[in-house]
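Structural features, examined
Okay, here's what each chain looks like letter by letter:
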Amino acid sequence: HQLVHVKTKEDDELGDKLLDRKQQNHKRDLFPSFSKNPAQLEAEIAIANKVNVLQEAEKESLKEKVNAYFEQLKSLKISDVGIAKSKQIGFGTTLFLLLFSPLFLAGYVLGFIPLQVAKFVTNKMKKPEFIGSMMLVGGMFGYLIYFLLMLVIAAIIGTWWAWAIVVLMPFVSYFAILYRDVFLEWWAVGRFNRVRGEVRNQMMKKRREILNWK
């Protein structure tokens, strides 16, 4: 097993920002939680290793550049993902979102109750570092109970369409999650594209300089 490790706690924020920028460059996979391709992990390990060996002066210079980039993102009211995905998202993505919006709505409705269960569980958490994992556990637990309940209801109703809903529910709900992620990226790109052309070019250049620092 390989881990992405930044040696000192003081460099965690810098490391996280650099790693996040690198991750945004990768195209979305159909099953984002599982991948056998080691290229992304190796690239992230390389970034962490470079941060670990940076001289203090170089590190401070890089931190200033990264912080300035994020401050400008904030002032322009845009996000890094909008810049990263600007070359990947276009008319095809817009068409996809339009055509499959009914399927997303169906998945959203079917998965609404488990989502609320997950939110209820995480709202009880006092330590923010556990929120992500508890959201996942709460969602899985809530979805399992909900799915079993739907099975009972389908058995009581006994019609083909009731069984069809239960069988399709996991697939449609998962599609809704993917759809939402694509929509948020599309929205971020739209906001970035509304920025003046000269400023867009400057922000893209600054992002490349951060990613390709030596």
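Being a predicted model, the structure only gives us computed values, none of them experimental.

1. With respect to the confidence of the model for the protein
For the protein, per-residue confidence averages 77 on the pLDDT scale, and residues scoring 70 or more make up 64% of the total. When pLDDT is averaged over each helix and strand of the protein, the minimum, 64, is found for helix α2 (residues 39-53) and the maximum, 94, for helix α5 (residues 91-99).

2. Brief notes about helix α3 (residues 56-76)
Between its terminal C-alpha atoms α3 stretches 30 Å, which fits the 30 Å expected from 21 residues at 1.5 Å a residue. Of the positions making up α3, those classed as buried are K59, L62, K63, V66, Y69, Q72 and L73. Positive phi shows up at K77, right after α3, with a value of about 60°.

3. Some details on unusual backbone geometry
Positive phi values are uncommon outside glycine, yet K77 reaches one of about 60°. Tracing the chain through its elements places K77 in the loop between α3 and α4 (80-84). When its relative accessible area of 61% is taken as the criterion, K77 is described as exposed.

4. Comments concerning helix α10 (residues 197-211)
The periodicity of an α-helix, 3.6 residues per turn, causes residues three or four positions apart to be oriented the same way. In a regular helix each residue adds 1.5 Å, so 15 residues correspond to 21 Å; α10 covers 21 Å between its end C-alpha atoms and thus fits that length. Three or more residues of α10 are buried, namely V199, M203, M204, R207, I210 and L211. In an axial view of α10, the angular spread of the buried residues amounts to 135°, which keeps them on one side of the axis. Away from its buried face, by an angle of more than 90 degrees, α10 presents the exposed residues E198 and N201.

5. What to know about the packing of α5 against helix α9 (residues 160-193)
Following both chains from N to C, one finds α5 and α9 inclined at 140°, their axes separated by 11 Å at the closest point. Here α5 is positioned oblique relative to α9, judged by the angle of their axes. Once α5 is placed against α9, the crossing between them reads as left-handed. Facing T93, T94, F96 and L97 of α5, the residues of α9 in contact are F175, Y179, V182, F183 and W186. The residue inventory of the contact of α5 with α9, partitioned by class, reads seven nonpolar, two polar and no charged.

6. Section: the packing of aromatic side chains
Taken as a whole and assessed by the stated rule, the structure comprises eleven aromatic pairs. Measuring from ring centre to ring centre gives 5.6 Å for F183 and W186, while their planes differ by 35°; the resulting arrangement is tilted. Here F183 pairs with W186, and both are found in helix α9, just three residues apart, close to one helical turn. Feature note: the residues F96, F100, F104, Y108, F175 and Y179 constitute an aromatic cluster, connected by ring pairs.

7. Section: the environment of A188
Of note, A188 is situated in helix α9. When the C-alpha positions of A188 and I78 are compared, they lie 6.9 Å apart, and in sequence the two are 110 residues distant. Excluding residues that lie within four positions of it along the chain, A188 makes contacts with S79, V81 and G82.

8. Overview of the nonpolar core
Within the largest apolar cluster, twelve residues are counted, these being L62, V66, Y69, L73, I78, I83, F192, V195, V199, M203, M204 and I210. Going through the elements one at a time, α3 and α10 are the ones with two or more residues in this core. Residues contacting M204, with those up to four places away along its chain left out, are I83, S86, K87 and F192. Grouped together as the second largest cluster of nonpolar side chains are seven residues, L110, Y146, A162 and M169 included.

9. Re the pattern of salt bridges
Per the counting criterion, the structure on display carries three salt bridges. Note that K63 is salt-bridged to E60, the shortest N-O span being 3.9 Å. Of this pair, K63 and E60 are both found in helix α3, three residues apart, which corresponds to roughly one turn of the helix. For E60, a relative accessible area of 35% corresponds to the partly exposed category. The partner of D80 in a salt bridge is R207, and the shortest N-O contact between them spans 2.7 Å. One end of the pair, D80, is in helix α4; the other, R207, is in helix α10, with 127 residues separating them in the sequence. Assigned by exposure class, D80 and R207 land together as buried.

Definitions and cut-offs
Residues numbered from 1 in each chain as written. Predicted model: local features only at pLDDT ≥ 70, side-chain atom pairs only at ≥ 80, totals over all residues. Heavy atoms only, no water. pLDDT = per-residue confidence, 0-100. Helix = DSSP H or I, 4+ residues; strand = E, 2+ residues; numbered from the N terminus. Expected span 1.5 Å × (residues − 1). Buried < 20%, exposed > 50% of the residue type's maximum accessible area, 1.4 Å probe, protein only. Arc of directions from axis to C-beta. Axes fitted to C-alpha atoms, helices over the stretch in contact; angles between N-to-C directions. Parallel < 35°, antiparallel > 145°, perpendicular 65-115°, else oblique. Left-handed = near helix turned anticlockwise from the far one by under 90°. Contact = heavy atoms within 4.5 Å. Nonpolar A, V, L, I, M, F, W, Y, C, P; charged D, E, K, R; others polar. Phe/Tyr/Trp six-rings, centres within 6.5 Å; stacked < 30°, edge-to-face > 60°. Core = buried A, V, L, I, M, F, W, Y, C linked by side-chain atoms within 4.5 Å. Salt bridge = Lys/Arg side-chain N within 4 Å of Asp/Glu carboxyl O.

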